[in-house]
Amino acid sequence: MSSSSTATTVARSNSGSGNRKPASFSAGTHLSSTKVHTSTPLPPATQQIESAKRLAAYAAVQRYVKPEHKIIGIGSGTTIPYCIEALLKQGEEANAERWFVPTGFQSKELIVKAGLSLGDVDQFPQIDITIDGADEVDHALNAIKGGGACHLREKVLAEAAKTFVIIADARKNSEVLGTKWKQGVPIEVAPFAWASVLQKLQKMGCTQPKLRMGKAKAGPVVTDNGNFVIDSPWDEVYMLDPSELLHRIKMLTGVLEVGLFCSMASAAFFGQEDGTVLVRYADGVRVFLVYSSDYATMANNYVFVSHQRQETIDTVPGIDDDVTVA
């Protein structure tokens, strides 16, 4: 398919009959039918961001979570409630024999409240797939994580998974880490070692590392593991090779984990403002996922459209259903 042509593909209808109709979609197709409702009306920009998160979550679940997957890692962050919602859309039968392993308190509560089976990485040291959010993702799918102070457990589940997938909105997509996420690389440290680690980070070239302080409590943020978090901003020269930076920080005594996830993700799904989803794969291929309801008989279709590669994805039932965002 030439780069100047309009991508044409065949989408599957919701009827499940296997009947197909041709349709033309462009990467600029707008999503007009997704509804995100809240108990308190959100500003238009916030509604747009929440819609983008929801689309990314639904697309990732549909593309990667298959019936044979029985052990699923659930990450942390603002996109994860939509991931749980999408998993529930797969039906009780699909989830009956599944175990869901959380990365922290938030995801644990979401799993329990959804009525899904709660597991632990002690029980399931090998996970079929882990889906998680990110604070920023670079051109090579390296990611900064830990804005929610869960990155130690998040990395354990990411490494334990056969497949690790990131979901986020377009604000998290960048070429170089640190371009958009200005708070710095989160570092989980032993409480008694934070001052020593802070000093060593400064000697390494870190610009203004800070102990993360609580917003609704006096004193520092305490992780689910009982540790402290240092946020460490780095100049671009360091972020050009995040893997090297990760190893250097990890070697510091007192550091338990670093919020740099390098060469771990198989794919990253980014919900866009225009209603499409950009999917970036570890092999460098980028595709646009278009949600289309152009035809009454073709509602709720996800279609991959790309100048490099073109795929058709099965329908996602119920994406137009109302949803309450906590």
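Nothing here was measured: the structure is a model prediction, and the numbers come from that model. (Residues numbered from 1 in each chain as written. Predicted model: local features only at pLDDT ≥ 70, side-chain atom pairs only at ≥ 80, totals over all residues. Heavy atoms only, no water.)

Draft legend 1. Looking closely at the overall build of the protein. What the protein contains, in helices and strands, is eight helices and 18 strands. When the 326 residues of the protein are sorted by exposure, 52% land in the buried category. Partitioning the intrachain contacts of the protein with sequence separation of at least 6 by distance along the chain shows that 69% fall at a separation of at least 24. Counting only carbon and sulfur atoms, one obtains 52% of the accessible surface of the protein, whose full area is about 14,900 Å². (Helix = DSSP H or I, 4+ residues; strand = E, 2+ residues; numbered from the N terminus. Buried < 20%, exposed > 50% of the residue type's maximum accessible area, 1.4 Å probe, protein only. Contact = heavy atoms within 4.5 Å. Areas by Shrake-Rupley, 256 points an atom, 1.4 Å probe, with all protein chains shown as cover.)

Draft legend 2. Main features of the sheet that holds strand β9 (residues 185-189). Sheet architecture is open: four strands sit in the order β10-β11-β9-β12, paired in antiparallel fashion. In this open sheet, the two strands that pair with only one neighbour each are β10 (210-211) and β12 (255-258). Across the sheet, helix α5 (residues 151-160) is in contact with β9, β11 (228-232) and β12; its angle to β12 comes to roughly 65°. The strands touched by helix α8 (residues 242-250) within the sheet are β9 and β12, with β12 carrying the most contacts at an inclination of about 165°. (Pairing = 2+ DSSP bridges. Axes fitted to C-alpha atoms, helices over the stretch in contact; angles between N-to-C directions.)

Draft legend 3. The pattern of salt bridges, seen in detail. Counted according to the given criterion, the structure contains 11 salt bridges. A salt bridge links Asp 231 to Arg 212; its shortest N-O distance comes to 2.7 Å. With Asp 231 in strand β11 and Arg 212 in the loop between β10 and β11, the pair connects residues that are 19 residues apart, well separated along the chain. With respect to burial, Asp 231 and Arg 212 carry one shared label: buried. (Salt bridge = Lys/Arg side-chain N within 4 Å of Asp/Glu carboxyl O.)

Draft legend 4. Looking closely at the packing of aromatic side chains. Using the criterion set out here, one finds four aromatic pairs in the structure. Taken together, a centroid distance of 6.0 Å and an interplanar angle of 85° make the contact between Tyr 64 and Phe 269 edge-to-face. Pair noted here: Tyr 64 is in helix α1 (residues 44-64) and Phe 269 is in strand β14 (residues 267-271), with a separation of 205 residues, a long-range link. Its relative accessible area of 15% is what places Tyr 64 among the buried residues. Centre to centre, the rings of Phe 164 and Phe 261 are 6.3 Å apart; their planes meet at 35°, and the pair counts as tilted. (Phe/Tyr/Trp six-rings, centres within 6.5 Å; stacked < 30°, edge-to-face > 60°.)

Draft legend 5. Structural view of the nonpolar core. Counting 32 residues, the largest nonpolar core has Ile 74, Cys 83, Leu 87, Ile 131, Ile 167 and Phe 269 as the members making the most contacts within it. Of all the secondary structure elements, the ones that give two or more residues to this core are α1, β3 (71-74), α2 (80-89), β5 (127-132), β8 (161-169), β14, β15 (276-281) and β16 (286-292). With eight residues, the top contributor of residues to this core is α1. Counting 27 residues, the second largest nonpolar core, distinct from the first, contains Ala 190, Leu 198, Ile 230 and Leu 245. (Core = buried A, V, L, I, M, F, W, Y, C linked by side-chain atoms within 4.5 Å.)

Draft legend 6. Structural view of α8. Inspection of α8 places Pro 242, Leu 245, Leu 246 and Ile 249 among the buried residues, and these make up the whole buried set. Taken end-on, α8 shows its buried residues confined to a sector of 105°, consistent with a single buried face. Where α8 is buried, its residues contact α5, β9, α6 (194-204), α7 (236-239), β12 and β13 (260-261). (Arc of directions from axis to C-beta.)

Draft legend 7. A look at the side chain of Thr 79. Following the sequence through the fold, Thr 79 ends up in the loop between β3 and α2. In contact with Thr 79, other than residues within four places in its own chain, are Lys 53, Ala 57, Ile 167 and Ala 168.

Draft legend 8. Geometry of the packing of α2 against helix α4 (residues 105-113). Axis separation between α2 and α4 bottoms out at 10 Å; the angle between their running directions is 25°. The orientation of α2 with respect to α4, classified from their angle, is roughly parallel. Judged by the twist between their axes, the crossing of α2 over α4 is right-handed. Between α2 and α4, the residues in contact are Ile 80, Pro 81 and Ile 84 and Gln 106, Leu 110 and Ile 111, respectively. The residue makeup of the contact of α2 with α4, split by class, is five nonpolar, one polar and no charged. (Parallel < 35°, antiparallel > 145°, perpendicular 65-115°, else oblique. Left-handed = near helix turned anticlockwise from the far one by under 90°. Nonpolar A, V, L, I, M, F, W, Y, C, P; charged D, E, K, R; others polar.)

Draft legend 9. Expanded view of unusual backbone geometry. Notably, Leu 141 is not glycine yet its phi reads approximately 70°, a positive angle. Relative to the helices and strands, Leu 141 resides in the loop between β6 (136-137) and β7 (143-144).

Draft legend 10. The arrangement of the confidence of the model for the protein in detail. Counting all residues, the mean pLDDT for the protein is 81, and 75% of those residues have values of 70 or more. Note that residues 1-40 has pLDDT below 50 and, in this model, 93 contacts with residues that lie over four places away or in other chains. Throughout residues 293-326 the model reports pLDDT below 50, and contacts reaching past four residues in sequence, or to other chains, amount to 125 contacts. (pLDDT = per-residue confidence, 0-100.)

Draft legend 11. Fine view of the side chain of Arg 212. Overall, the relative accessible area of 13% leaves Arg 212 in the buried class. A polar side-chain atom of Arg 212 sits 3.0 Å from the main-chain carbonyl oxygen of Gly 147. Here Arg 212 is in contact with Gly 146, Gly 147, Gly 148, Ala 149, Pro 186, Pro 220, Val 221, Val 229 and Asp 231, once residues within four sequence places are set aside. (Polar contact = N/O pair within 3.5 Å; in protein donor to acceptor, adjacent residues only side chain to side chain.)

Draft legend 12. Region of interest: the pairing of β3. The alternating pattern of β3 places Ile 71 and Gly 73 on one face and Ile 72 and Ile 74 on the opposite face, and all of these are buried. Bridge analysis of β3 against β5 gives three bridges, and the strand direction is parallel. Across the sheet, the residue bridging to Ile 72 is Ile 129, located in β5.

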